[in-house]
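# What the coordinates show
One-letter residues, chain by chain:
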Amino acid sequence: MKRMAMVLFLMIQTCYVFAQTESDYVKAKLDSLVNVDYFKTCLVSVDAYDLTTNTPIYSANEKYLLTPASNEKVLTTAAGLLFLGENYNFSTSVYYTGQIKDSVCSGDLYFVGGMDPDFTSADLSFMVKKVKELGINKIAGNVYGDVSAMDSVFWGAGWMWDDDPSMDFPYLSPLIINDASVKISYQPGELGKAPIVEVTPKSSYYSIENNAITSSEKGKRFFVTRDWLNRNNKFIVGGNMKVDSEPDYETINLYNSAAYFLTLACEELNAQGIKVPIIVKTKALPIEAEHIYTFDRPFGQVIVNLNKTSDNLSAEMTLRAMALKYYGKPALAENGVKLIDSLIVLSGKNPNNYSIVDGSGVSRYNLLSAELLNGVVKYIYQNNPDLFKILYNSFPVGGVDGTLRSRMKNKTVFSNVHAKTGTLSGVSSLTGYMNTKNGHILSFSIITQNFVGSASKVRTFQDEICEILFNIN
């Protein structure tokens, strides 16, 4: 009996020593990455946890308050799953007032915005068909947009003016269409003449000033922009396009998203044989208005594009949807942040220790820690298994899709990292989950800040950390 007890004791001691050795080995490898000379002039924060064994794996500077960039979306989407639910609908509706007689509606038509970030021209066309099915061929009154669901602040706090006119910097409104942007396609024209430029969708809402030249020399840099300094929707094309250039395109945001929606709505109504004046006006829906149709899009669909492509518009609409549901009209960003604060409390942290001002991470006023981000993804995994599956599947997959499709392709960690990326100038972050070689699932967060130049070196560093964590025995 004593001999068996001794054998058992030695086995336990051996396992303990091995575990200690393995842990020390992983820590040493990760420390060697974190302490390279490159990080003497910038900040790095790491926090990793083994969800299978419920044990910490590694941490370094995990409490530092840093700019999360789009890792802010981890909090927004986790809070959205908790407080909206996957079946919450972003709704866009159409109503009419007055009477319909002899194919004429004597009143007005109303489009009511419900902050659907993925609403498209095709969706609008379908809604107009529903109006047509009522037998309406003319609107005697006006077409209005009801934008009362949120306030009139079209940017988040701390958004930088010189990010305009990027598609990643959308003008916010409850009435959104085509990501509040247009696609501008271009290709060389005849030598000495202007390149061929087309805007999709076609509309009278914007104009093009094409000053560019097709040339045999490289010449002045070719560019496409919008006259954003004057807050209008004139697209300016300039510089030289080489005659042998391949066709390409730019996606550019538009000023006044609601007016863009309503202009396209009026144009689509006329295209389908319903005569309306193209006069863009906003007005709250009257109580006596008659419902025609509502187009619904569940959050369970929105979250996929939001996280896979790091869509800022979707994140901001999710933040305001939470505000609308719990605090009513008009939805304010700060009320949406209150729901994120509730998530932070549930994850065991104090929201007063952090700064959150938007839903997308565009603002540099946001200050979070790797410890917090890792704590939130850990909380979702441990307490909400159904929501965890949705969040996990919405994150980009290393080497496969979304913003991670070009990374980790030639590593053993390929396809095993499901994580949200984040990028601003001088900031790169990565937070999510990982399936390891030994069958465990980990949660982790990495934030790097204040580096100069390209983020490629920092991303390689993040991928190497993932590789070490993946190969833990």
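Remember, predicted model here, so these are calculated numbers, not experimental data.

Calculation rules
- Residues numbered from 1 in each chain as written.
- Predicted model: local features only at pLDDT ≥ 70, side-chain atom pairs only at ≥ 80, totals over all residues.
- Heavy atoms only, no water.
- Buried < 20%, exposed > 50% of the residue type's maximum accessible area, 1.4 Å probe, protein only.
- Helix = DSSP H or I, 4+ residues; strand = E, 2+ residues; numbered from the N terminus.
- Contact = heavy atoms within 4.5 Å.
- Axes fitted to C-alpha atoms, helices over the stretch in contact; angles between N-to-C directions.
- Parallel < 35°, antiparallel > 145°, perpendicular 65-115°, else oblique.
- Left-handed = near helix turned anticlockwise from the far one by under 90°.
- Nonpolar A, V, L, I, M, F, W, Y, C, P; charged D, E, K, R; others polar.
- pLDDT = per-residue confidence, 0-100.
- Core = buried A, V, L, I, M, F, W, Y, C linked by side-chain atoms within 4.5 Å.
- Pairing = 2+ DSSP bridges.
- Phe/Tyr/Trp six-rings, centres within 6.5 Å; stacked < 30°, edge-to-face > 60°.

Turning our eyes to something else, we now look at helix α5 (residues 299-308). Of all the positions in α5, only Phe299, Val302, Ile303, Leu306, Asn307 and Lys308 are classed as buried. If you follow the buried residues of α5, they end up packed against α2 (72-83), β3 (89-96), β18 (290-298), α6 (312-327), α9 (385-394) and β19 (417-424). Positive backbone phi, approximately 55°, marks Ser310, located one or two places after α5.

Quick look at the packing of α2 against α6 now. Relative to each other, α2 and α6 sit at 40°, their axes nearing to 10 Å. On the basis of the axis angle, α2 is oblique to α6. For the crossing formed where α2 meets α6, the hand is left-handed. On α6, the residues touching Lys73, Thr76, Ala79, Gly80 and Phe83 of α2 are Asn312, Ala315, Thr318, Leu319, Met322, Lys325 and Tyr326. For the contact of α2 with α6, the per-class residue count stands at 6 nonpolar, 4 polar and 2 charged.

Time to look at the confidence of the model for the protein. As a general rule, the predicted coordinates of low-pLDDT regions are not to be interpreted in detail. For the protein, per-residue confidence averages 93 on the pLDDT scale, and residues scoring 70 or more make up 95% of the total. Segment residues 4-19 is flagged for pLDDT under 50; beyond a separation of four residues in sequence, or across chains, it makes 0 contacts in the model.

Attention now moves to the side chain of Ser257. Of note, Ser257 is situated in helix α4 (residues 257-271). By relative accessible area, which is 3% here, Ser257 ends up buried. Those residues in contact with Ser257 that sit more than four places away from it in its chain are Tyr171, Leu172, Ser173, Leu175, Ile176 and Ala180.

Moving on: the nonpolar core. Ranked by internal contacts, the top residues of the largest apolar core, which has 57 residues, are Leu75, Phe90, Met322, Ile340 and Tyr433. When contributions to this core are tallied by element, the ones reaching two or more residues are α2, α5, α6, α7 (333-346), α8 (370-383), α9 and β21 (441-449). Among all residues touching Leu75, those that are not within four sequence positions of it are Ile340, Leu343, Ile356, Leu368, Leu372, Leu373 and Val376. Core analysis: the second largest hydrophobic core is formed by 43 residues, Val94, Leu124, Val131 and Ile292 among them.

Right, let's get into the pairing of β3. Summarising burial for β3: 6 of the 8 residues are buried, a large majority. Sheet analysis places β3 next to β18, joined by 8 bridges and oriented antiparallel. Within β18, the position partnered with Tyr95 by the bridge is His291. Relative to strand β6 (residues 109-112), β3 runs antiparallel, the two being bridged by 4 bridges. Pairing of Val94 across the sheet is with Phe111, part of β6.

Turning our eyes to something else, we now look at the sheet that holds strand β16 (residues 248-253). In a beta sheet, neighbouring strands pair by backbone hydrogen bonds and run either parallel or antiparallel. On the basis of which strands lie adjacent, the open sheet formed by 3 strands has the order β10-β9-β16 and antiparallel pairing. At either margin of the open sheet sits one strand with a lone partner, and together these are β10 (196-200) and β16. Neighbour-to-neighbour, the strand axes of this sheet turn through a mean angle of 25°, independent of strand direction. The sheet contact formed by strand β9 (residues 181-187) and β10 spans 5 bridges and is antiparallel. Within β10, the position partnered with Ile184 by the bridge is Val199.

All told, the structure shown has 27 aromatic pairs when counted by the stated rule. Ring centres of Phe126 and Tyr293 lie 5.5 Å apart, and the angle between their planes is 65°; this geometry places the pair in the edge-to-face category. Taken together, the residues span a long stretch of sequence, with Phe126 in helix α3 (residues 121-132) and Tyr293 in strand β18 at a distance of 167 residues. The exposure class of Tyr293 is partly exposed, given its relative accessible area of 22%. Where Tyr186 meets Phe222, the ring centres are 4.9 Å apart and the plane angle is 55°; that geometry is what we call tilted. Linking Tyr186 in strand β9 with Phe222 in the loop between β12 (213-215) and β13 (223-226), this pair joins segments that are 36 residues apart in sequence.

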